[in-house]
Amino acid sequence: MELGFGSGRNIEFYPDDVDEVLALEPSALGRRMARTRIAAATVPVVFVGNDARTIPLDDGSCDAALTTFTLCSIDDVARALAEVRRVLRPGGALHFLEHGLSPDETVARWQHRLDPLEGRLADGCHLTRDPVALVRDARFDLEWVEQRYVRGPRPWTYFTIGRVTAPIG
Ligand SMILES: C[S@@+](CC[C@H](N)C(=O)[O-])C[C@H]1O[C@@H](n2cnc3c(N)ncnc32)[C@H](O)[C@@H]1O
């Protein structure tokens with residue numbers, strides 16, 4: 001399952017052993033832009049819903065989940081992550097790549113200053129969310145995480161890539 005599927009930019013990175021992708025995306029424009037990529041993909045992609053806060057899938061019905069640059073913009077992200085945990089099978093992984101709150105005080109101060117403007121200009125995006133804290137608070141088990149700046153202005157470029165799993169038992 002991929003939440004915040006957008007225009008399908010992750011399709012080319014799906015590993016070969018993915019049988020099918022269940023996609024969630026609220027933007028009609030995003031879904032329309034994804035059509036060409038979906039048509040060219042070797043993996044079938046099925047849109048199952050719009051909103052990650054209410055995922056129309058059974059408990060434990062997904063092997064794995066993916067999200068990129070989406071935890072920053074979901075309103076009530078805690079609820080969305082609780083839903084992701086619910087639909088993942090026990091031990092199933094959530095793979096994520098997100099920008100977020102910098103550990104550097106000066107950068108973080110700018111992020112807090114810019115956050116309201118960012119929200120208005122970038123469709124509800126937040127600069128001040130901490131992806132690791134979010135997945136921890138959602139009671140996922142942290143498997144692996146890497147954090148660093150990538151190229152570009154620092155308030156937008158402190159990236160976190162990681163994998164967490166839904167608890168077993
Ligand atoms: C910055 S875009 C990232 C799109 C794509 N994941 C990528 O990396 O190119 C954020 C995406 O999250 C989606 N989104 C926002 N709120 C959402 C929600 N409640 N449930 C699922 N997706 C949501 C937006 O429509 C948008 O497509």
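In short, a report on the structure.

## Observations regarding the pairing of strand β6 (residues 141-149)
Taken across its 9 residues, β6 has 0 buried, putting it largely on the surface. For β6 and strand β7 (residues 158-165), the ladder comprises 8 bridges, and the chain directions are antiparallel. Bridging from a neighbouring strand, E146 pairs with I161 of β7.

## Side note on the environment of P131
With respect to the secondary-structure elements, P131 resides in helix α4 (residues 131-137). We classify P131 as buried; it has 25 C-beta atoms within 10 Å. The residues touching P131, leaving out its near neighbours within four places in the chain, are L71, F96, E98, G100 and T160.

## What to know about the pairing of strand β2 (residues 21-24)
By the alternation rule, side chains of β2 split into V21 and A23 and L22 and L24, which are all buried. Pairing analysis gives 2 bridges linking strand β1 (residues 2-3) to β2, with the strands arranged parallel. Counted as the bridge partner of E2 is A23 from β2. Two elements, β2 and strand β3 (residues 45-49), share 4 bridges in a ladder whose sense is parallel. Bridged to L24 within β3 is G49. Each parallel crossover has a hand, and for β2 linked through helix α1 (residues 28-40) to β3 it is right-handed.

So, how was this worked out
Residues numbered from 1 in each chain as written. Predicted model: local features only at pLDDT ≥ 70, side-chain atom pairs only at ≥ 80, totals over all residues. Buried ≥ 20, exposed ≤ 12 C-beta atoms within 10 Å, placed from the backbone. Helix = DSSP H or I, 4+ residues; strand = E, 2+ residues; numbered from the N terminus. Pairing = 2+ DSSP bridges. Contact = placed C-beta atoms within 7 Å. Right-handed = clockwise from strand over helix to strand, strands pointing away.

Shape is all these values report; function is a separate question.
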